[in-house]
Amino acid sequence: EIADAKAILGRDGIGCEPASATTVAGLKKLIEGDRKNVRIDAEEDVVAILTGHQLKDPEYTVNYHLDNLYQHAAYRTEVTKKSGRIHPRFSNRPVQVDLDRDRIVELLKL
């Protein structure tokens, strides 16, 4: 849920660390009425504070979008132990581009 919330925020150009995405994941649960006695109406205005830079845990983001994120894993240059795969529902497959300014500008549609 946290990984998906982080990816949804990323689609809108908002970057945050995974811990900050818990705010959005929690709000989603409250809107859906997932908690006893606490519910946020979908029409209410809510302010969610996100802290932490999106590059604080870059491996988390990259592994999510590569469908290589696990609840429990040990990483070096590759996954050495893993369990509990987290399947991305909102992934954006990375695009690898050579160091070519014109090509990058073209892909970013600037």
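Each value, and the rule that gives it
- Residues numbered from 1 in each chain as written.
- Predicted model: local features only at pLDDT ≥ 70, side-chain atom pairs only at ≥ 80, totals over all residues.
- Heavy atoms only, no water.
- Helix = DSSP H or I, 4+ residues; strand = E, 2+ residues; numbered from the N terminus.
- Rg over C-alpha atoms; globule rule 2.2 N^0.38 Å.
- Patch = residues over 30% accessible without salt bridge, like charges linked within 9 Å, V, L, I, M, F, W, Y side chains within 5 Å.
- Areas by Shrake-Rupley, 256 points an atom, 1.4 Å probe, with all protein chains shown as cover.
- Salt bridge = Lys/Arg side-chain N within 4 Å of Asp/Glu carboxyl O.
- Axes fitted to C-alpha atoms, helices over the stretch in contact; angles between N-to-C directions.
- Parallel < 35°, antiparallel > 145°, perpendicular 65-115°, else oblique.
- Contact = heavy atoms within 4.5 Å.
- Nonpolar A, V, L, I, M, F, W, Y, C, P; charged D, E, K, R; others polar.
- Expected span 1.5 Å × (residues − 1).
- Buried < 20%, exposed > 50% of the residue type's maximum accessible area, 1.4 Å probe, protein only.

Enquirer: Before we move on, can you summarise the overall build of the protein chain with the specific residues and values?
Expert: For the protein chain, the helix and strand inventory stands at four helices and two strands. From first element to last, N terminus to C terminus, the protein chain shows the α and β order α-α-α-β-β-α. Taken against the 2.2 N^0.38 rule, which gives 13 Å for 110 residues, the C-alpha radius of gyration of the protein chain at 17 Å runs more than 25% over that of a compact globule. Principal-axis analysis of the C-alpha atoms gives the protein chain an extent of 55 × 40 × 25 Å.

Enquirer: Hey, could you go over a nonpolar patch on the surface for me, with residue numbers and the actual values?
Expert: On the surface, Ile104, Leu108 and Leu110 cluster together into a nonpolar patch covering about 330 Å² of accessible area. Along the chain, the position of leucine 108 falls in helix H4 (residues 101-108).

Enquirer: Outline the packing of helix H1 (residues 2-11) against helix H2 (residues 18-31), supporting the account with residue identities and numerical values.
Expert: Between H1 and H2, the least distance of the axes is 8 Å, while the angle of their chain directions is 90°. Of the possible angle classes, the one that applies to H1 and H2 is roughly perpendicular. On the side of H1, the interface is formed by Ile2, Ala5, Lys6 and Leu9, while H2 contributes Pro18, Ala21, Thr22, Val24 and Ala25. For the contact of H1 with H2, the per-class residue count stands at seven nonpolar, one polar and one charged.

Enquirer: Please set out H2 residue by residue, giving values where relevant.
Expert: Taking 1.5 Å per residue as the helical rise, H2 with its 14 residues ought to reach 20 Å, and the 20 Å between its terminal C-alpha atoms agrees with that figure. Those residues of H2 that sit buried are Pro18, Ser20, Ala21, Ala25, Leu27 and Lys29. Residues of H2 that are buried make contact with H1 and helix H3 (58-65). At the exit of H2 stands glycine 33, carrying a positive phi of roughly 75°.

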